[in-house]
Amino acid sequence: MPKILVTNDDGIHSPGLKLLAKALQKIGEVVVVAPAHEMSAASRSLTLTRPLRIDVVDKNQYAVDGTPADCITLAMNKILSGNLPDIVFSGINKGGNLGDDVTYSGTVAGALEGSMYGLPGVAISLVQRGEFDFTYAAELAAELAVQVLRDGLPQGTLLNVNVPPGPIRGLRITRQGAKILRPTVVEGTDPRQRTYYWIGEEALTWNEEHGTDYEALRQGWASITPLRNDLTDYQALEKIKTLNWQIAPEAVKP
Ligand code: MN
């Protein structure tokens, strides 16, 4: 029986997490280690300025008062030590993690943190707003888990999976697209008459180039974009090398 570690960024009480864990229990032993509170857009941040606590919520269910990366760190080094998982799942997120959003995403970061331990990681997000129906995404996660456990992933690779609200046409292996619009900032006044700023959800507009995650979702497919932690721009690396930038040694002396 494979061992499956599950986290998310919407928090331990999110229905997306519960349905994912339930679906994965059909194929393996599931342990949930998830943030006690919502940590959306926490990216891969670690909590370093205060101690963390682990709450045992139920059998094989732990809440950590921190980020998804905190959860994986405590899972791998404390909660599961001596009983390490075969795969890490993160999700199912309320809302897509497409294109540029992957670098904001706590959902993606949960799977990424698992990949840093050499484990195959899968982040899964439901591209829907308002009401969320996780049924199809949960079933897809279970099927995908079987295939990834069978075939493995290259060391350090994670899968960023985005699922349309069902029915799903099938799977598309995609590349990361790009958003056109930036987030909005809503300005208001609080009860003490101080101005506040609230970062809002950007309009859903994106660059739908062929082969991107956005294109796949628009057409009703679930997208699978393989990601790595290495953010090096290899094309730019070669180009910038040819520019032969120099600095005079005296310019950098104190
Ligand atoms: Mn979230």
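Only a predicted model underlies this, so the values are computations on that prediction, with no experimental measurement involved.

Take the overall build of the chain next. Looking only at helices and strands, the chain features six helices and 13 strands. Computed over the C-alpha atoms, the radius of gyration of the chain is 20 Å, within 12% of the 18 Å expected from 2.2 N^0.38 for a compact globule of 254 residues. Residues counted as buried form 44% of the 254 residues belonging to the chain. For the chain, the computed accessible surface area is about 14,100 Å², with 54% contributed by carbon and sulfur atoms. Taking the average place of the 24 positive charges on the side chains of the chain and the average place of its 29 negative ones, the gap between the two points comes to 2 Å.

We now examine empty space enclosed by the protein. What the rule picks out here adds up to one cavity of 30 Å³ or more. Here the largest cavity defines a volume of roughly 40 Å³. Around the largest cavity, the lining residues are K3, I4, L5, E29, V31, L80, N83 and P85. If you list the elements that add at least two residues to the lining of the largest cavity, you get strand 1 (3-7) and strand 2 (29-35). The leading source of residues in the lining of the largest cavity is strand 1, at three residues. Residues belonging to the lining of the largest cavity are distributed by class as follows: five nonpolar, one polar and two charged.

Judged by pairing direction, the sheet is mixed, and its nine strands sit side by side in the order 3-4-2-1-5-6-7-13-8 without closing on themselves. One side of each edge strand has no neighbouring strand; the edge strands of this open sheet are strand 3 (54-58) and strand 8 (171-173). Averaged over all pairs of adjacent strands, the angle between their axes in this sheet comes to 25°, without regard to strand direction. In this structure, strand 7 (residues 157-163) lies alongside strand 13 (residues 222-228), joined through six bridges in antiparallel fashion. Opposite T157, over in strand 13, you have R228 as the bridge partner. Running over the sheet, helix 1 (residues 15-24) touches strand 1, strand 2, strand 5 (87-94) and strand 6 (121-126) and is turned about 140° from strand 5. The strands that helix 3 (residues 106-115) touches are strand 1, strand 5, strand 6, strand 7 and strand 13; relative to strand 5, the one it contacts most, it runs at about 180°.

This brings us to the coordination of the manganese ion. Bound to the manganese ion on the protein side are D9 (OD), D10 (OD), S40 (OG) and N93 (OD1), at distances that span 2.1 to 2.3 Å. The sequence motif formed by the donor residues of the manganese ion is D-D-x29-S-x52-N. Here the residue S40 occupies a position in the loop between strand 2 and strand 3, and N93 occupies one in strand 5, the gap between them amounting to 53 residues. With a relative accessible area of 35%, S40 lands in the partly exposed category.

With that settled, consider the packing of aromatic side chains. As enumerated under the stated definition, the model contains two aromatic pairs in all. Judged by centre distance (5.9 Å) and plane angle (15°), the rings of F132 and F134 are stacked. Between the aromatic rings of Y196 and W198, the centroid separation amounts to 6.5 Å while the plane-to-plane angle is 75°, which identifies the pairing as edge-to-face. Judged by relative accessible area, which is 60%, W198 ranks as exposed. One Lys or Arg, R172, reaches over the ring of W221 and ends 4.1 Å from the middle of that ring.

Glancing now at the layout of surface pockets. By volume, the second largest pocket is sized at about 260 Å³. What lines the second largest pocket is a set of 15 residues, among which V102, T103, L112, R228 and L231 lie closest to the centre. When residues of the lining of the second largest pocket are traced back to their parent elements, those giving at least two are helix 3 and strand 13. Considering every element that reaches the lining of the second largest pocket, the biggest residue donor is helix 3, with three residues. Its residues assigned to classes, the lining of the second largest pocket comprises seven nonpolar, five polar and three charged.

Where helix 6 (residues 234-243) begins, the capping side chain belongs to D233, and its oxygen is found 3.3 Å from the backbone nitrogen of Q235. Residue N244 follows helix 6 closely and has a positive phi angle near 55°.

Definitions and limits used
- Per chain, the residues get numbers from 1 upward, laid out in the order the sequence is written.
- Side-chain atom pairs in this predicted model are given and counted only at pLDDT of 80 or more, local residue features only at pLDDT of at least 70, and totals for whole chains, interfaces and linings cover all residues.
- Side-chain descriptors were evaluated using all non-hydrogen atoms of the structure, hydrogens and water having been removed beforehand.
- Helix and strand assignments come from DSSP, with helices taken as H or I runs of at least 4 residues and strands as E runs of at least 2, each series counted from the N terminus.
- In this setup the radius of gyration rests on C-alpha atoms only. A globule is expected at 2.2 Å times the number of residues raised to 0.38.
- Relative accessibility decides the category of a residue: with a 1.4 Å probe and only protein chains considered, values under 20% of the type maximum give buried, values over 50% give exposed, and everything between is partly exposed.
- Throughout, the Shrake-Rupley method with a 1.4 Å probe supplies accessible areas, and for residues the shown protein chains are the sole cover considered.
- Counted as positive: Lys and Arg. Counted as negative: Asp and Glu, with His and the chain ends omitted from the count.
- Just so you know, the charge point we use is NZ for Lys, CZ for Arg, CG for Asp and CD for Glu.
- Put simply, the grid is 1 Å and covers the protein atoms alone, a cavity is a trapped set of points that fit a 1.4 Å probe, a pocket is an open set with protein on both sides within 12 Å along at least five of seven lines, and lining residues have an atom within 4 Å of a point.
- Grid points are joined across faces, edges and corners, and a volume is the space filled by probe spheres set on the points.
- Residues are sorted three ways: Asp, Glu, Lys and Arg are charged, Ala, Val, Leu, Ile, Met, Phe, Trp, Tyr, Cys and Pro are nonpolar, and all the rest, Gly among them, are polar.
- A strand pair is defined by DSSP finding two or more bridges across the two strands.
- Fitted lines through C-alpha atoms give the axes, limited to the stretch in contact for helices. The angle between two N-to-C directions lies from 0 to 180 degrees.
- Here, two residues are considered to be in contact whenever any of their heavy atoms come within 4.5 Å of each other.
- Listed donors are limited to N, O and S atoms within 2.8 Å of the metal, widened to 3.2 Å for Na, K and Ca; water is not among them, so incomplete-looking sites are possible.
- For Phe, Tyr and Trp, rings pair up if their centres lie within 6.5 Å, where Trp contributes its six-membered ring, and each pair is then called stacked (planes under 30 degrees apart), edge-to-face (over 60) or tilted (otherwise).
- Ring-over charges, as used throughout, are those where CZ of Arg or NZ of Lys falls within 6 Å of the ring centre and within 35 degrees of the ring normal.
- Here a polar contact is taken to be a pair of N or O atoms separated by no more than 3.5 Å, where protein atoms must pair a possible hydrogen donor with a possible acceptor and residues adjacent in sequence count only if both atoms sit in side chains.

Spatial relationships are all this shows, so hold off on functional conclusions.
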